[in-house]
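Structural characterization, general
Residue strings, one per chain:
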Amino acid sequence: MRLLCTLCVVLSFSAIARGQNAPVPPDKAVAAIALPEGFRARLVAAEPRLVKPIAMTTDERGRLWVVESHCYPHWIQDGKEGTDRILIFEDKQGKGQFDCTVFWDKGTNLSGIAVGFGGVWLCASPNLVFVPFNPGEDKPSGPPQIVLDGWDVKAAKHNVFNSLVWGPDGWLYGCNGIQSQSRVGKPGTPKEERVAINCGVWRHHPTKHLTEAVAHGSTNPWGLDFDDHGEMFITNCVIKHVFHVVPGAHFQRMYGEDINPHSYGLIESCADHLHWAGGSWTSSRGGQGAHGESGGGHAHAGAMVYLGDSWPDVYRNRLLMANLHGNRLNQDILDKRGSGYVVRHGQDFMTVKDPWFRGLSLMAGVDGMFVADWCDTGECHNYDKVAPFGRVYKITYGDPKHAALDLAKSSDDELVQLQLHKNDWLVRQARRLLQERAHAGKLGEKIRPRLLQMLGEQKEATRQLRILWALYVTGGLDDKTFLALLDNSDASIRGWAVRLLVEDRKVSDAVAAKFADMARAEQSPAVRLSLASALQRLPLTTRWPIAEGLTSHAGDWNDLYLPLMNWYGVEALVSADPARAVDLLTKAKLPLVRQYIARRIASSAERGLPPLMKTLADAENADLALDVLRGLQEAYRGRSQATAPEGWAAASKKLLASANVEVRQRARMQAVLYGDKEALASLRQVAADGKAGADERRDALRSLIEVKASDLLPLLRDLLADATMRGPALRGLATMNDAGTPAAILKHYGTFSDAEKADAINTLATRADYALALLDAVEKEQVPRRDISVYTARQILNLKDKRLPERLAAVWGTIRPANQDKLALMAKYKSLVPADALLKADRSRGRALFAKSCANCHVLFGDGGKVGPDLTGSQRANPEYLFTKLLDPSAVVPKDYQMSIIETVNGRVIQGIVSKEEDKTITVLTPTEVLTLQKKDIQERQKTTQSIMPEGQLATLSDAEVRDLIAYLAGKEQVALPKSP
């Protein structure tokens, strides 16, 4: 489970600390499990026979295959042979007594398993490995074969690829974590031909030997399964816990940039709820209070959609997942909504009265479900020690009858007939065996006609789908059959026909024409979603008429998937033919697609600007004009000037005369960027007008700053006395190099709010002369010494002026690197915070210290900035680990949180995190603002391995303040700020 939380900052408050130094003994483990009435848990295996079960699968005999992860937490980096084991468990008599066979004990970094096509498929970072075996022999028949390589083992501590599952289309699917920056391909594949993926879903075909990224995003997905209609769901950590995976989707991420810089927007989770109640999840253990009512915690692992025939029907199509912090299995309800699903929270399915329970993997069996329990106390990032425990349970309902099973001995006809069975476990195993036989040329000639006959006979959609998938994986479909399926009365059949038709990334002219007709006339949003997904797999020339039809459905504007999925399919068309993309924009009814087309053109397809200007000049619809203007302004964000494109004069005249206030306002802002002096004067007037609306004034000033308007300095200085405009004025002064700026700021410093003081300090730390003036003010006590944070002190040193280190040391102090005598520092601070001292600490004052030093970058209890990780969901109750992060924050820094130092051509120095990079601009997050910089304005740019959080954070605090801060960080709930004196 500690493999799962991607950015938890601190270790858990373990069960050991609460007095339980071992899990419930195996002989009492089942008694600790609570299930709905009629359900029963059996212990399949436990330590010492089984430890650290990280992945499971089943075979056609109903046997359970379990991977033991002995390599974790010390993943093998040099490719040497490991000691991970694969165990096979079989209940031969059906009495709950499982025999165990060791299949293999030389695995390296194993984290996922699937059986099929003559062997075992294994996630073995950095490789996807295939271990062959002969039928009837439970041992390898040859050495492991590396099928794919390129998964990032260096970042794989808790981001390893995982969750191997055979899809209904015959591909092998899996998940990948956010820090695993992987480029995957067959051994020897050049870098440019490899598949790039970090967080998301990928797939590999076992016989075509193709590998693809299916969807990008989420955080660290660990759990994947399909519902009765073949729709895929993954379970996730930190951000919302489930995503309905549509091929080609780009989902919300915990942090970092999407793999496509032009995706612009990301699809959110389909869940309408969280499995925790906010605040600190550390209070959720054991299912207490509001957290227990909500589901127990924010980290999840394992996914199983129940599709068996032995449980009550109410559970069919319910999604089950393990909740790591809540010691339970959550149950979610999958309801169709719009083009996809909304996932609602059902009653928790299983709770365990053992704080060591860490459900990690769920797997359907022929008559129930298997649950793997990693069995340990820490949830996140414990890389030093793992407890030698582990359990697997089997969950059944009633008293299912045992029957010897070996589907491999079934005839072709019997496997075909199983496609109609209620138990999808039998269906999936039979379909895979049919696929294997077809690939080996051993499938009977009568099977395709029989399947086609059944397809025509069946009326229930899920049965038709199963036959459709069986036909597809055995090569039994042709265009004629597919075209007929596109007119099927059921939307799920039509949607899957679209998906399967584009598997080879090309379609016949007849199919392309049919797709275009469907895009215009299709009434089902789910089928339109399949068509939108299919766009990305089609040649560009084939996409245009389909995209035009799909974007004509005005009612799709608020669908969770359709606007963005349409954009993902259209995006490549814009750069290929910008003029035609403008024509598509004018016909489109989806605001987001119109906005993004305009943005893409202005960003890097500028030959499309003249026809875009003509569209603006001809626009009678204010909504269309606004969408285009919004897209243009997003594209130009951070740019100080641009050449007015052909046709702007006519467009500007039309826009500035619009009856719509926002159209006129945005048109003025765009005109300023193009050098329009009249518009510039108008924005100056708005920014200075105290009677104008605050938002309008700030937007006007922001535009003036971005275009580097001449003679702006006097206005910015005047606005320092304006309470409404001080913040943006202070940030604007940071962009200008003027000797009078420090005096102007310091004159008003005493009247500023805390936030305005932070802006002032940040501006004065951007240039050497400014910083010297700031330090003079500190010496004169005009600026309190404590207003200079460690972050600001490091910024001043990064200015690289010889005068500053000595001056800073004399006036403020020195930054003492934490790694110097770190053990002594750790001992010192640990001695300050015994448990009784924290109980007496002032958490209100601790919150004030957090607000001053940390809240600009971190969220805690819902408040704060988003430069760094959200601390609310971290484990904060261990002072030793808190001190480790505070004293040495750069010890382990994910790439997306590494700091860059940037110097602009006019001498400004900025330290922050580059959150986005486009063709002409970069976006930088600092503790006080989000900056968009033009690359041409950057003199020097240095990527460091440092955290933006500086060392020495505690050096400026008294012992009492250290206790107050740690007490606040470790607390279970928010407290009030101290009252002002």
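First things first, this report covers the structure right here in the doc. Remember, it's a predicted structure, so these values are computed and weren't measured experimentally.

On to the packing of helix α18 (residues 661-673) against helix α19 (residues 677-688), then. Relative orientation and spacing of two packed helices are given, respectively, by the angle between their axes and the distance between those axes. It is at 8 Å that the axes of α18 and α19 come closest, and there the two elements cross at 125 degrees. As judged from the angle between their axes, α18 and α19 are oblique. As for the relative orientation of α18 and α19, their crossing is left-handed in sense. Facing Arg 668, Met 669, Ala 671 and Val 672 of α18, the residues of α19 in contact are Ala 679, Leu 680, Ser 682 and Leu 683.

Applying the stated criterion to the full structure yields 30 aromatic pairs. A ring pair is formed by Trp 121 and Trp 166, whose centres lie 6.0 Å apart and whose planes are at 90 degrees; its orientation type is edge-to-face. Here the residue Trp 121 occupies a position in strand β8 (residues 119-124), and Trp 166 occupies one in strand β11 (residues 162-166), the gap between them amounting to 45 residues. With relative accessibility at 5%, the residue Trp 121 sits in the buried group. A ring pair is formed by Trp 567 and Tyr 596, whose centres lie 5.6 Å apart and whose planes are at 65 degrees; its orientation type is edge-to-face. Note that Trp 567 is positioned in helix α12 (residues 562-576) and Tyr 596 in helix α14 (residues 591-604), a separation of 29 residues in sequence.

Turning next to the nonpolar core. Ranked by internal contacts, the top residues of the largest apolar core, which has 181 residues, are Phe 515, Ile 597, Leu 612 and Leu 632. Among residues more than four places away in sequence, those in contact with Leu 612 are Val 582, Leu 585, Ala 598, Ile 601, Val 628 and Leu 632. Trp 65, Ile 86, Phe 103 and Val 160 belong to the second-largest nonpolar core, a separate cluster that totals 31 residues.

Before going further, it helps to spend a moment on helix α23 (residues 741-748). The buried fraction of α23 is high, at six of eight residues. Buried within α23 are the following residues: Thr 741, Pro 742, Ala 744, Ile 745, Leu 746 and His 748.

Another aspect to go through is the sheet that holds strand β2 (residues 39-46). Whenever strands of a sheet pair, they do so through backbone hydrogen bonds, lying parallel or antiparallel. The four strands are arranged β2-β28-β27-β26 in an open sheet whose pairing can be described as antiparallel. The sheet is open, and its two borders are formed by β2 and β26 (359-365), each paired with just one other strand. Between one strand axis and the next, the sheet turns by 20 degrees as a mean value, whatever way the strands run. Sheet analysis places β26 next to strand β27 (residues 368-373), joined by six bridges and oriented antiparallel. Bridged to Leu 362 within β27 is Val 371.

Turning our eyes to something else, we now look at empty space enclosed by the protein. In the structure shown here, the tally under the stated rule is five cavities of 30 Å³ or more. Residue lining of the largest cavity: 48 residues in total, with Thr 57, Val 165, Asp 225, Met 363 and Arg 428 positioned closest to the centre. For the lining of the largest cavity, the secondary-structure elements that each account for two or more residues are β3 (53-58), β7 (110-116), β11, β17 (224-226), β21 (300-305), β26 and α4 (424-439). The residue makeup of the lining of the largest cavity, split by class, is 23 nonpolar, 18 polar and seven charged. Lining the second largest cavity are Trp 166, Gly 167, Pro 168, Phe 226, Asp 227, Asp 228, Gly 230, Leu 307, Asp 424, Arg 428, Arg 431 and Trp 469. In terms of residue count, α4 provides more of the lining of the second largest cavity than any other element does, three residues in total. Across the lining of the second largest cavity, the residue classes tally to five nonpolar, two polar and five charged.

It is worth spelling out the pairing of strand β28 (residues 391-397) at this point. In terms of burial, β28 is a largely internal element, six of the seven residues being buried. Looking at chain direction, β2 and β28 are connected through seven bridges and run antiparallel. From the neighbouring strand, Ala 46 faces β28, where its bridge partner is Arg 391. Where β27 lies against β28, five bridges are found, and the strand directions are antiparallel. Bridge assignment links Asp 373 to a residue of β28, and that residue is Arg 391.

Turning to helix α22 (residues 726-733), a few remarks are in order. With seven of eight residues buried, α22 is to be regarded as a mostly interior element. Residues of α22 that are buried make contact with α20 (694-706), α21 (713-719), α23 and α24 (754-764).

So, on to the environment of Phe 243. Mapped onto the secondary structure, Phe 243 falls in strand β19 (residues 242-245). Judged by relative accessible area, Phe 243 falls into the buried class, the value being 0%. In this structure the C-alpha to C-alpha distance between Phe 243 and Cys 270, which are 27 residues apart in sequence, comes to 5.8 Å. Among residues more than four places away in sequence, those in contact with Phe 243 are Ser 218, Met 232, Phe 233, Ile 234, Asn 236, Phe 251, Gln 252, Ile 267, Glu 268, Ser 269 and Cys 270.

Right, let's talk about the packing of α20 against α22 for a bit. Orientation of α20 relative to α22, taken along the N-to-C sense of each, is 5 degrees, at an axis distance of 10 Å. In terms of their interaxial angle, α20 and α22 are classed as roughly parallel. Of α22, the residues touching α20 (which contributes Arg 698, Leu 701 and Ile 705) are Pro 728, Ala 729 and Gly 732.

Omega for the peptide link from Glu 47 to Pro 48 comes to 5 degrees, which places this bond in the cis form. Relative to the elements of secondary structure, Pro 48 occurs in the loop between β2 and β3. Pro 126 follows Ser 125 through a cis peptide bond whose omega is 10 degrees. For Pro 126, the position within the fold is in the loop between β8 and β9 (127-132). With a phi angle near 50 degrees, Lys 52 is a residue other than glycine that sits in the positive phi range. Tracing the chain through its elements places Lys 52 in the loop between β2 and β3. Accessibility expressed as a relative area gives 10% for Lys 52, which makes it buried. Non-glycine residue Ser 218 carries a positive phi angle of around 85 degrees. Residue placement: Ser 218 occurs in strand β16 (residues 211-218).

Calculation notes
- Residues numbered from 1 in each chain as written.
- Predicted model: local features only at pLDDT ≥ 70, side-chain atom pairs only at ≥ 80, totals over all residues.
- Heavy atoms only, no water.
- Axes fitted to C-alpha atoms, helices over the stretch in contact; angles between N-to-C directions.
- Helix = DSSP H or I, 4+ residues; strand = E, 2+ residues; numbered from the N terminus.
- Parallel < 35°, antiparallel > 145°, perpendicular 65-115°, else oblique.
- Left-handed = near helix turned anticlockwise from the far one by under 90°.
- Contact = heavy atoms within 4.5 Å.
- Phe/Tyr/Trp six-rings, centres within 6.5 Å; stacked < 30°, edge-to-face > 60°.
- Buried < 20%, exposed > 50% of the residue type's maximum accessible area, 1.4 Å probe, protein only.
- Core = buried A, V, L, I, M, F, W, Y, C linked by side-chain atoms within 4.5 Å.
- Pairing = 2+ DSSP bridges.
- 1 Å grid on protein atoms, 1.4 Å probe; cavity = no way out; pocket = protein on both sides within 12 Å on 5 of 7 lines; lining within 4 Å.
- Points joined across faces, edges and corners; volume = space filled by probe spheres on them.
- Nonpolar A, V, L, I, M, F, W, Y, C, P; charged D, E, K, R; others polar.

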